[in-house]
Each structure stands twice: as C-alpha cells, then as structure tokens.
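Chain by chain, the residues run as shown.
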Amino acid sequence: MGNTITEKILMAHTDLREIRAGELINARVDIALGNDITAPIAIKEFRKAGGRKVFDRDKIALVLDHFTPNKDISSAEQCKFVREFALEQKITHFYEGGRVGIEHALLPEQGIVVPGDVVIGADSHTCTYGGLGAFATGVGSTDLAAAMLTGELWFKVPETIKFVVYGKMPRWVSGKDLILHIIGRIGVDGALYKAMEYTGETISALPMADRLSIANMAIEAGAKNGIFPPDDITRQYVEGRGKRPYKFYASDADAVYADIIEINAAQLEPQVAFPHLPSNVKGVSAAGDIKIDQSLIGSCTNGRIEDLRIAAQILQGRKAASTVRLIVVPATPAIYQQAIREGLIEIFLNAEAVISPPSCGACLGGHMGILAAGERAVATTNRNFVGRMGHAKSEVYLASPAVAAASAVLGRIASPAHLA
Amino acid sequence: MIYKGKIWKFGDNIDTDAIIPARYLVTSDPQELAAHCMEDADPQFVSKMKKGDIILGGENFGCGSSREHAPIAIKAAGISCVVARSFARIFYRNSFNMGLPIFESNDLWAAIKEGEEITVDGGAGIITISGGNKQFKIGKIPPFMEQLINDGGLMKHIAKKRGIK
C-alpha cells in the first residue's frame, strides 16, 4: 500500500518509517509564518512558555501585510511589537514597508518556500504553497509560537481527495474558476480535515500562478492542504529563486485516496461565488443583473502579475463604469514594478482604477476598500462571508480577474465575452 | 470537566469573521475582543448572554480565517464551552491549543431549542438536556488532545515537556 505526496512529505519531516492517514505526528517545520495580526499573540505565547530564542532565525517569516500601511494607532502598535521581536531575534525573513508583499504571493516569489517543504503559517491561506508541491497549512497563533520555539508541530495526517482534471479550459476560464467550481461542487466542508491533490492533463499544463490560486482556496473547502505534483513548470518557477535546496515528491501509484473526483475543464465557464459562502457558485451566464459598486483585483488568491495582465488586457482602452470604484492591488513590490514596466499600471490608471500598495487590507475588511451597508463588490479574493469586506449588510461576489475587470467596465457582474 | 449552561443556537458554517470581525483585530486583548463576540452573527449576543452559557453550532463551526482571536473572544466573553455538529479544522486545533473546551455532537442540534439548558460531561462523554433524560454522545477525543487539555494548552504542554515551569 503506497503513500500520497502529502503523507510522503510529512513522513520525511519525522523519524518515522511508515505513516498513515489519521495518525497524530510531530513533524519538523521548514518555514513558520506570521503576520501583523497573528504574530503578536504568538510572540506573547512564545514568551509565556519561557521562549528566549527562536529555534532557527532563518526558518521564520514575519510579514506585516494585513493592516499595513498602518491603518490606525492600534495596528501601528501591533506592527511595532512584531518588529521589535523580529529585530531582537534577528529574523531573516522579516518584511515591512516598501519590502512587504502579501505573504502568500511574497514567500514563493522570494524562494523562501520551496517544493517538498513543510510550511505552517498563522494565516489560513498558508495552503497556497501546495501549488509548489509543498505541504503547507494554516494554523493558529499558539501553533506558530510552538513552532518558533521547538521547530516542530503536531499534525493529524490527512486523508486525501484526488481531483483528476481533464479537457482544455475555454477562453477566460482560469484556475480561479476551476477552484470555485470545485468548492461549489463539494461544499465549504467538502474536504474537511483532508488534503486536496490535483492531477490530470489540465493540471500538468497549468501555469504556476493558477496552481497557487487553486491551492490558496483549499481552506475554503475546509481542507488542511491543497497540493500539486511538482513537474517541469514547478522547476522553471523555482530555479533561480529557491533560497534552499528543494525536493520533488510524488504520490505512489497505489496510494490510498478517500475519494477521486473527475472534472471536465472544457465544460467550465467563468464562475461567480454569490454571498455569503464560497460554495454558493454559479456560472457567470446565470448570474443575472447584479449591479456592483466596487471591483477589487488583487489578494493572495489573484494579485500576481499573470492576474494583472489578464485584467489589463480587458481594461485596455476602457474605463470603469462611473458607478464602480475599481481597486487594483499588485500583491508584491516585484509584481508592482513588473506591472509598471509592462505598462499595466498606466492601463489601470487610464481605466480610472485606484492602485493600492500591496496589502491584505481590503480583502478582509481592514482598510483601503471597505463597503458600506447595501453595497456590492465583485472581488478576486477568497471569502464572501457576511461582513467580510465591511458592513454586515454588504455583499461580496468572488470571481476571476477577467470577470472582475469586465464587471468593473459594465457596472454589473459580467464575463469579458459580454464586452462589445 | 462538567459544564452546565444555557444554549445559544447558531446554524451551519459560522465563520470566524462572524465570531470576531476583522475590523476588531487591531488588538489581541481578550476583553476587548470579547466585547464583539459573535457580533456579525447576532449583534446583541454579548448583551444577552451570561457567564457559563454554551454556544451550540451546526456543521463546520469556525470556518474561514485562522485567527485565534475567535476562540479567545468566545472564552473571554464567558462562554463555558462550544458544542457543534462539526468544527472547521483550524478552529478545532486552536481551541485545544489555547484551552477553550469544545465538543462534537451530531444529534444534539436538532433535538434542542435556543434557551434550553444542557449539562456537558466531558469525562463521561455525555451531554444531557436539563429536565429530561435524553442523552447525547460526544465525539471521541484522541489521547494526545486530552493530554493538551489536561496540561492547560499547547504551550504549557511544551513547557512541561521541556522542563520549564
């Protein structure tokens, strides 16, 4: 009986010679991540447990990306608290100010996480790095404290659901649409406590940006992690970036799966998740006439250069409707610079978009794009819970960058195919 | 441990944005967070509930963000324990790690109305509705997790293992 890629990576980070789904294990951690909201609690817990020195200053990443640039005095205090700890402990991967990017875009881009890693982050979208063929999962602040202190953490080895995706994705259909479709199909707890493993011809051809978007939303199906078998596309992405040696793992042919689900990507159209659950998904053609007040293009799900290119392709020579506030958030400084070099920022400004600095602010209703009561946004983000982006009586519709850009122009939820 | 209290009943997929909205995450002070506990699910919750009361959730309680502020807010508000049909995984581990008692019961939810009183006997693994003899089994907790609870949470468990007082 063989093992899945998730089981193999976890086993390689223990002294065990055999591992099975359902077992509770302690595994060594390659990178432990915290941000300006979750790290303060972790630092306090670290100290309460007698922590004086972190287990390895090269294996901790502290990224001040949520309420930054500091939105008020309280958030400034939280950042100051984390900064003082980072300086005291000489944390190698400490990011703030003009160096900061949205953590889950920044860490892969900077080669801080690599294939074969075990990564934990006190942020639920840490599962993003599964796109690289790493085991990555979101945990709480106390977990981060434990990892910073000991270099390991307890895990229940998850069962795996395998998704076999075939067929050529039609025009304007992206990884975001595929994951929204999957969540719509299995539900927000459809993969509870499990790993979501992606294979098939469509996946093999899928660019890294799409893989990261798909892995990013594993948590929205309740999963512990999402994971892609690493291949030549992975190698191309990691070569020249990886700060540490990486290792490719693959599932055995006789690995055991809790379920296998087949998906024909050729039948997909752009998808939209209606309020107030990421599983409340419809094809864009069935959306009806949904007027919007704001369109947000960015986040750890869809703020990469590939996402901005698609949005710019649609927005070129067009303007956001006068009733729509269009906000574009390049996810990292490097993406921002690349977007300037390629002329994308100029296209966005001509489309009358607001360009936000890299920040998680708008996505989680922190700052820089809050919704009033009764307002509606289409967003390329990952959650549309009640009050997620502002007032409890506002609404968020999740979609791809293509749909968000087309919707901004037309003032209602629409596919780029609807543009004249 | 035995917890006796009045039930506040919520539906499926109560997410951590509903338990403690992100707009309040500018602090990690338990009392400040407690003042907004469950605010986007029920704006009057904090003023209605009393110390020792119990939250009853449906499926996938605590889904969404990893914010430990969610179990912190619930605990600091004075809720004695949370019972749900199922829990989202990060909320589940956070609760054990930081010491909020949580219990899984698939059948209690449909059998009880808001405002009724229950007794949760964690040791015996039984929930009883007051004024009746109906009993509900609690989902089994793995021995390691029991150890975490007995040690007072993950950091105290680690400190104990490392011989730090």
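Every value quoted in this text rests on a predicted model; they were computed, and no experiment measured them. (Residues numbered from 1 in each chain as written. Chains lettered and ligands numbered in written order. Predicted model: local features only at pLDDT ≥ 70, side-chain atom pairs only at ≥ 80, totals over all residues. Heavy atoms only, no water.)

**Observations concerning the domain arrangement of chain A**
Residue and element names in this part refer to chain A.
Next up, step 1: Taken domain by domain, chain A consists of domain 1 (5-263) and domain 2 (273-419).
Next up, step 2: Measuring from the centre of the C-alpha atoms in domain 1 to the corresponding centre in domain 2 gives 24 Å.
Next up, step 3: Between domain 1 and domain 2, the residue contacts involve 36 residues of the former and 40 residues of the latter.
Next up, step 4: Between domain 1 and domain 2, a total of about 2,800 Å² is buried, with carbon and sulfur atoms accounting for 66% of that surface.
Next up, step 5: The largest share of the area that domain 1 buries against domain 2 comes from Ile102, Trp172 and Lys176, three residues that together contribute 25% of it.
Next up, step 6: Across the contact surface, domain 1 and domain 2 share one salt bridge. (Domains from an automatic or database assignment. Contact = heavy atoms within 4.5 Å. Buried area = accessible area lost by both parts, 1.4 Å probe. Salt bridge = Lys/Arg side-chain N within 4 Å of Asp/Glu carboxyl O.)

**A few points about the sheet that holds strand S1 (residues 2-9) of chain B**
Residues and elements named next belong to chain B.
Next up, step 1: Sheet architecture is open: seven strands sit in the order S4-S3-S2-S1-S5-S6-S7, paired in mixed fashion. With partners counted over all chains shown, the strands left at the sheet margins are strand S4 (102-104) and strand S7 (135-137), one partner each. Ignoring which end each strand starts from, the neighbouring axes of this sheet average 30° apart. (Pairing = 2+ DSSP bridges. Helix = DSSP H or I, 4+ residues; strand = E, 2+ residues; numbered from the N terminus. Axes fitted to C-alpha atoms, helices over the stretch in contact; angles between N-to-C directions.)

**Details of the interface of chain A and chain B**
Next up, step 1: Tallying the contact residues gives 51 residues for chain A and 42 residues for chain B.
Next up, step 2: Applying the counting rule to chain A against chain B returns two salt bridges.
Next up, step 3: In this structure, the connection of chain A to chain B is made through 20 residue pairs in polar contact (both at pLDDT 80 or more).
Next up, step 4: Contributing elements (two or more residues each) for the side of chain A that touches chain B: strand S1 (24-28), helix H2 (39-48), helix H3 (73-88), strand S6 (135-138), helix H5 (141-150) and strand S7 (152-156) of chain A.
Next up, step 5: Here the side of chain A that touches chain B is composed, by residue class, of 24 nonpolar, 17 polar and 10 charged. (Polar contact = N/O pair within 3.5 Å; in protein donor to acceptor, adjacent residues only side chain to side chain. Nonpolar A, V, L, I, M, F, W, Y, C, P; charged D, E, K, R; others polar.)

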